[in-house]
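Below, each chain spelled out in residue letters.
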Amino acid sequence: MTSAEDSLPALYILIALFCVPPVLSLQASIRWFRHVRKRGRPGVWPLLGIAVSVVALAFNLGVIGVDLATSGTVGIELGQIHAWTLGLSWICFWIWIVALVWLRRHRHKVY
C-alpha cells in the first residue's frame, strides 16, 4: 500500500505496466490483419490478437480508473485484481512479439 502523496507516481507506473502492452499489441495486430487480408487470407489469428488486446485494454483501464478514484483517500493498495491486469498485459506483450516476428518473416515473401 502506498500513501496518498505517493499515489501519483504509482499510478504512472501502473498505467505504463497495464496499458502500454495492450496498445502496442493492438497496433501490431491491426497491421498484421491488414497484411494478411491484403494477401487474401482469412486472418483469424490477427483478429484474435485484436480482440484480446481490446478486452485487456478496457479491463486494465477500468482497474486504473478505480485506482484513480480511490487513490486520494486511501492510496493504492495492490491486490489480486492487479495481478490479473498484469497477467493480461503480459499476454498482450507476447501477442505484440508474435505479430512483429510474423510481420518481419513475411515481409518480402511473394505468394
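Scroll up to find the structure this text is about.
To keep things clear, this report deals only with the structure shown in the data block. Remember, predicted model here, so these are calculated numbers, not experimental data.

Summing up its helical and strand segments, the protein has three helices and zero strands in all. The helix and strand sequence of the protein, counted from the amino end, reads α-α-α. Counting the 111 residues in the protein, one finds 33% classified as buried. Long-range contacts, defined as pairs at least 24 residues apart, comprise 80% of the intrachain contacts of the protein with a sequence gap of at least 6. Accessible surface, the protein as shown: approximately 7,300 Å² in total, 71% of it carbon and sulfur.

Our next topic: the side chain of S89. Summarising the element assignment, S89 is placed in helix α3 (residues 80–105). Setting aside anything within four residues of it in sequence, one finds S89 in contact with L17, F18, P21, P22 and N60.

What follows is about the environment of L8. In this structure, L8 sits in helix α1 (residues 7–38). As a C-alpha pair, L8 and L68 span 60 residues in sequence and 8.7 Å in three-dimensional space.

Right, let's get into the nonpolar core. Counting residues in hydrophobic clusters, the biggest one holds eight residues: A10, L11, L14, F18, C19, L57, I64 and I76. Put simply, the parts of the chain that give this core at least two residues each are α1 and α2 (44–74). The element contributing the most residues to this core is α1, with five residues. Counting five residues, the second-largest nonpolar core is a separate cluster that includes A28, W32, A99 and L103.

What follows concerns a nonpolar patch on the surface. Together, L8, Y12 and I15 make up a nonpolar patch on the protein surface, roughly 310 Å² of accessible area in all. You can see Y12 is positioned in helix α1.

Relative to the 38 Å expected for 26 residues at 1.5 Å per residue, α3 spans 38 Å between its end C-alpha atoms, a close match to the ideal helical length. Here α3 has its buried residues at H82, T85, S89, C92, I95, A99 and L103.

What follows is about the packing of aromatic side chains. Applying the stated criterion to the full structure yields five aromatic pairs. Between W32 and W102, the ring centres sit 5.7 Å apart and the planes meet at 40°, which makes this aromatic pair tilted. Here the residue W32 occupies a position in helix α1, and W102 occupies one in helix α3, the gap between them amounting to 70 residues. Given the relative accessible area of 10%, W32 is considered buried. Joined through ring pairs, the aromatic side chains of W90, F93, W94 and W96 make up one cluster.

Conventions we followed
- Residues numbered from 1 in each chain as written.
- Predicted model: local features only at pLDDT ≥ 70, side-chain atom pairs only at ≥ 80, totals over all residues.
- Heavy atoms only, no water.
- Helix = DSSP H or I, 4+ residues; strand = E, 2+ residues; numbered from the N terminus.
- Buried < 20%, exposed > 50% of the residue type's maximum accessible area, 1.4 Å probe, protein only.
- Contact = heavy atoms within 4.5 Å.
- Areas by Shrake-Rupley, 256 points an atom, 1.4 Å probe, with all protein chains shown as cover.
- Core = buried A, V, L, I, M, F, W, Y, C linked by side-chain atoms within 4.5 Å.
- Patch = residues over 30% accessible without salt bridge, like charges linked within 9 Å, V, L, I, M, F, W, Y side chains within 5 Å.
- Salt bridge = Lys/Arg side-chain N within 4 Å of Asp/Glu carboxyl O.
- Expected span 1.5 Å × (residues − 1).
- Phe/Tyr/Trp six-rings, centres within 6.5 Å; stacked < 30°, edge-to-face > 60°.

None of this, on its own, says anything about what the molecule does.
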